[in-house]
Amino acid sequence: IYYHGWQTAKELVLTQGRKLAAKNFRVLLPDAANHGERKTKTSEIPSLTFWDSIQTNLYEFVFGGLFWKPWIGHGEIGVGGISMGGITTCMLLTQHPEINVAACVMGSPAPIKYRERIAMHAGELGFYLPKDYRQLTSWLEAYDLSLAPEKLRGVLYSFGMEQKMKGTLSAYCWFIKANPQANITFVSAEERHFVQIATMDQITKFFADNLGISERT
């Protein structure tokens, strides 16, 4: 299952999906709520639509599993995503031990820290945030992978140089240094907030190597 990023759609991860399919994976590329074929107007309240989209991904992973788990039988499960999809991926790891391998591309493993950055920037720009913003998003605490590093397993983290401006790189570095014992593969690339073909190939190889899928003949 591979998740797209904020304000994009499943078509933007189609190339990655095709590369995974070429390695004999069965691939699902869902549109997140409020995106793609499910597009809605973005709320004027900062981050409301963003967090709603991620939380719906979490709900639908469970609900969708009723349909896709029989499809894969007893096969192993890999989950990945870019940006918002990477955040979704890390959150899923906190609650779903059935996920064997994951790839977080340009997404933060620390949503509470990310929430604080959103609040800070909203305040600097004069945008409205409810005074109980943290209470309204308190559900993040149960899905913050940085608070549950023991749930890490077979994770690839990738970032582009633009992430330095978004603060995700600092979250990566802190997270990885804090968990040297964890099974983490970390790669970087000279690219902005857009995944290049070479990085897609690395992600595909990571899944193939860790899930033992042989290439098509």
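So, a few notes on the structure that sits alongside this text. (Residues numbered from 1 in each chain as written. Predicted model: local features only at pLDDT ≥ 70, side-chain atom pairs only at ≥ 80, totals over all residues. Heavy atoms only, no water.)

**Observations concerning the packing of helix H1 (residues 14-21) against helix H8 (residues 197-211)**
Closest axis-to-axis distance for the H1/H8 pair is 9 Å, and the angle between their directions is 40 degrees. Judged on the interaxial angle alone, H8 and H1 are oblique. Relative to H8, the crossing made by H1 is right-handed. Across the interface between the two elements, Thr15, Gln16, Lys19 and Leu20 from H1 touch Ile197, Met200, Asp201, Ile203, Thr204 and Phe207 from H8. Of the residues that constitute the contact of H1 with H8, the class distribution is five nonpolar, three polar and two charged. (Axes fitted to C-alpha atoms, helices over the stretch in contact; angles between N-to-C directions. Helix = DSSP H or I, 4+ residues; strand = E, 2+ residues; numbered from the N terminus. Parallel < 35°, antiparallel > 145°, perpendicular 65-115°, else oblique. Left-handed = near helix turned anticlockwise from the far one by under 90°. Contact = heavy atoms within 4.5 Å. Nonpolar A, V, L, I, M, F, W, Y, C, P; charged D, E, K, R; others polar.)

**Notes on H1**
Burial in H1 covers these residues: Gln16, Gly17 and Leu20. In a view along the axis of H1, the buried residues occupy a sector of 100 degrees, so they form one face of it. For H1, the elements touching its buried residues are strand S1 (2-3) and H8. (Buried < 20%, exposed > 50% of the residue type's maximum accessible area, 1.4 Å probe, protein only. Arc of directions from axis to C-beta.)

**A closer look at the pattern of salt bridges**
Applying the stated criterion to the full structure yields eight salt bridges. One salt bridge connects Arg115 with Glu116, and the closest N-O pair in it is separated by 3.3 Å. Residue classification places Arg115 among the buried positions, given a relative accessible area of 6%. Take Glu116: its relative accessible area is 29%, and that puts it in the partly exposed class. When the shortest N-O distance is used, the salt bridge between Arg134 and Glu116 registers 2.9 Å. On the criterion of sequence distance, the pair formed by Arg134 in helix H5 (residues 133-136) and Glu116 in helix H4 (residues 111-125) is long-range, its members being 18 residues apart. On the accessibility criterion, Arg134 (39% relative accessible area) is partly exposed. One continuous salt-bridge network, built from bridges that share partners, spans Lys10, Glu11, Asp31 and Glu37. (Salt bridge = Lys/Arg side-chain N within 4 Å of Asp/Glu carboxyl O.)

**Quick look at the pairing of strand S3 (residues 99-105)**
Regular strands have side chains that alternate between both faces of the sheet. Across the seven residues that make up S3, a large majority, six, are buried. In this view, the connection linking strand S2 (residues 77-82) to its parallel neighbour S3 by way of helix H3 (residues 84-95) has right-handed handedness. (Right-handed = clockwise from strand over helix to strand, strands pointing away.)

**Details of the environment of Asp31**
Residue position: Asp31 is located in the loop between H1 and helix H2 (48-72). Note on Asp31: relative accessible area 9%, which makes it buried. Along the primary structure Asp31 and Lys10 are separated by 21 residues, whereas in three dimensions their C-alpha atoms are 5.3 Å apart. Those residues in contact with Asp31 that sit more than four places away from it in its chain are His4, Ala9, Lys10, Gly36, Glu37 and Arg38. Of note is the side chain of Asp31, whose polar atom sits 2.6 Å from the side chain of Lys10. (Polar contact = N/O pair within 3.5 Å; in protein donor to acceptor, adjacent residues only side chain to side chain.)

**So, the nonpolar core**
Within the largest apolar cluster, 34 residues are counted, with the highest numbers of intra-cluster contacts made by Trp51, Ile54, Phe61, Met91 and Tyr157. For this core, the secondary-structure elements that each account for two or more residues are H2, S2, H3, S3, H4 and strand S4 (155-160). Core analysis: the next-biggest nonpolar cluster, separate from the first, contains 19 residues, Val13, Val101, Met200 and Leu211 among them. (Core = buried A, V, L, I, M, F, W, Y, C linked by side-chain atoms within 4.5 Å.)

**Some thoughts on the environment of Leu12**
Note that Leu12 resides in the loop between S1 and H1. Distance in space between the C-alpha atoms of Leu12 and Phe194 is 9.6 Å, their sequence separation being 182 residues.

Structural measurements only, silent on function.
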